[in-house]
Amino acid sequence: MDLAYIPSPSTGVINLGPIPLRGYAFCIIIGVFVAVWYGNKRWIARGGTAGTVADIAVWAVPFGLVGGRLYHVITDYQLYFSEGENWVDAFKIWEGGLGIWGAIALGAVGAWIGCRRRGIPLPAYADAIAPGIALAQAIGRWGNWFNQELYGKPTDLPWALKITESANREAGLYHPTFLYESLWCVGVAVLVVWADRRFKLGHGRAFALYVAAYCAGRAWIEYMRVDEAHHVLGLRLNVWTAIIVFVLAVTYIVISARIRPGREETVEPKAEKSDKAEKSDDAEKADGAEESDDVVDGEPEDAVADADTDTDTDVDHGADNGAGSAAKS
């Protein structure tokens with residue numbers, strides 16, 4: 001008798017009248033908001049302006065969703081285009097199925113378009129949002145829990161995931177690989193934030209560190225999964241993808257550190273111009289304050305001094321005239 005396990009939701013959908021709220025979509029949406037919110041804080045700390053991350057996310061998020069779905073459909077085409085399957089299901093994104101590799105690749109294209117429109121270097125933007133993306137993945141993985149999918153091998157560990165029987169799965173207790181990856185992504189976010197503060201990572205190296213760290217975890221977590229997948233030389237396709245991307249990310253970190261050491265001084269020209277304008281305004285105000293000190297009751301000090309001199313002269317003349325009149329009398 002199993003005394004401890006993680007239960008699975010009886011359903012992944014909550015109906016509010018005619019409106020269905022799907023757990024998978026809800027987790028994705030929350031993850032996006034967290035990524036934008038935290039990315040905005042980091043972007044401002046780097047010298048950027050508030051709202052820039054959200055403006056670019058308007059391009060990156062749709063591209064990322066399309067890329068993630070395309071990667072999933074292409075690598076698991078048999079689920080949609082085999083005999084007896086309905087190809088229309090390929091568009092039912094709410095039922096699960098987003099490949100992180102395609103999401104990051106095509107999402108980067110969208111981010112590049114957004115950055116180019118604002119004159120912002122893509123590597124600097126990527127560094128700012130890297131930990132937020134990791135947190136978004138950590139939250140998004142709970143969508144797999146709602147759908148009872150992407151679990152691992154059978155286990156009797158106390159934290160085993162209980163899966164209920166359906167047409168596409170067998171009831172039992174399995175490794176909760178969604179939980180493993182969620183916790184790993186939180187650790188990746190912490191690692192990137194620490195390394196960025198410690199080593200002042202720039203020119204895309206913080207983002208590359210996120211990619212490398214995520215791939216290191218994804219490789220062993222992917223190896224534990226039992227869902228259907230294509231294999232190459234005995235390994236799942238996603239394991240090979242993680243290995244290749246890990247090598248590319250580490251190579252980029254090493255080469256980038258040699259070619260462009262340090263961090264970008266300016267990440268957003270608009271913000272720099274705004275700072276210069278504010279400094280110019282402050283300087284003008286300071287000059288105006290100094291000029292006002294030289295004015296007394298609305299008149300320059302020299303004018304006041306001349307007025308005092310004229311008054312003294314008039315008094316002296318008046319006294320002389322009075323004395324002359326008295327002598328004549």
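In this report, the structure presented in the accompanying data block is examined. (Residues numbered from 1 in each chain as written. Predicted model: local features only at pLDDT ≥ 70, side-chain atom pairs only at ≥ 80, totals over all residues. Heavy atoms only, no water.)

1. Observations regarding the pattern of salt bridges
In step 1: For the structure shown, the criterion picks out eleven salt bridges.
In step 2: The shortest N-O distance in the salt bridge between Glu222 and Arg218 comes to 2.9 Å. Here Glu222 and its partner Arg218 are both found in helix H8 (residues 205–224), four residues apart, which amounts to about one turn of the helix. (Salt bridge = Lys/Arg side-chain N within 4 Å of Asp/Glu carboxyl O. Helix = DSSP H or I, 4+ residues; strand = E, 2+ residues; numbered from the N terminus.)

2. With respect to the packing of aromatic side chains
In step 1: On inspection of all chains with the given rule, the structure shows twelve aromatic pairs.
In step 2: Through successive ring pairs, a cluster of aromatic residues spans Trp142, Trp145, Phe146 and Phe178. (Phe/Tyr/Trp six-rings, centres within 6.5 Å; stacked < 30°, edge-to-face > 60°.)

3. Things to note about the environment of Val239
In step 1: Counting through the fold element by element, Val239 comes out in helix H9 (residues 237–259).
In step 2: Here the alpha-carbon distance between Val239 and Glu222, two residues 17 residues apart in the chain, equals 6.3 Å.
In step 3: Excluding anything up to four places from it in sequence, Val239 contacts Ala219, Glu222 and Tyr223. (Contact = heavy atoms within 4.5 Å.)

4. Here's the deal with the packing of H8 against H9
In step 1: At a minimum axis separation of 8 Å, H8 and H9 run at an interaxial angle of 155°. Regarding the angle of H8 to H9, the classification is roughly antiparallel. H9 is crossed by H8, and the crossing has left-handed handedness. When H8 is examined against H9, the residues Arg205, Ala208, Leu209, Val211, Ala212, Cys215, Ala216, Arg218, Ala219, Glu222 and Tyr223 are found in contact with a partner set consisting of Asn238, Val239, Ala242, Val245, Phe246, Ala249, Val250, Tyr252, Ile253, Ser256 and Ala257.
In step 2: Of the residues contributing to the contact of H8 with H9, the split by class is 17 nonpolar, two polar and three charged. (Axes fitted to C-alpha atoms, helices over the stretch in contact; angles between N-to-C directions. Parallel < 35°, antiparallel > 145°, perpendicular 65-115°, else oblique. Left-handed = near helix turned anticlockwise from the far one by under 90°. Nonpolar A, V, L, I, M, F, W, Y, C, P; charged D, E, K, R; others polar.)

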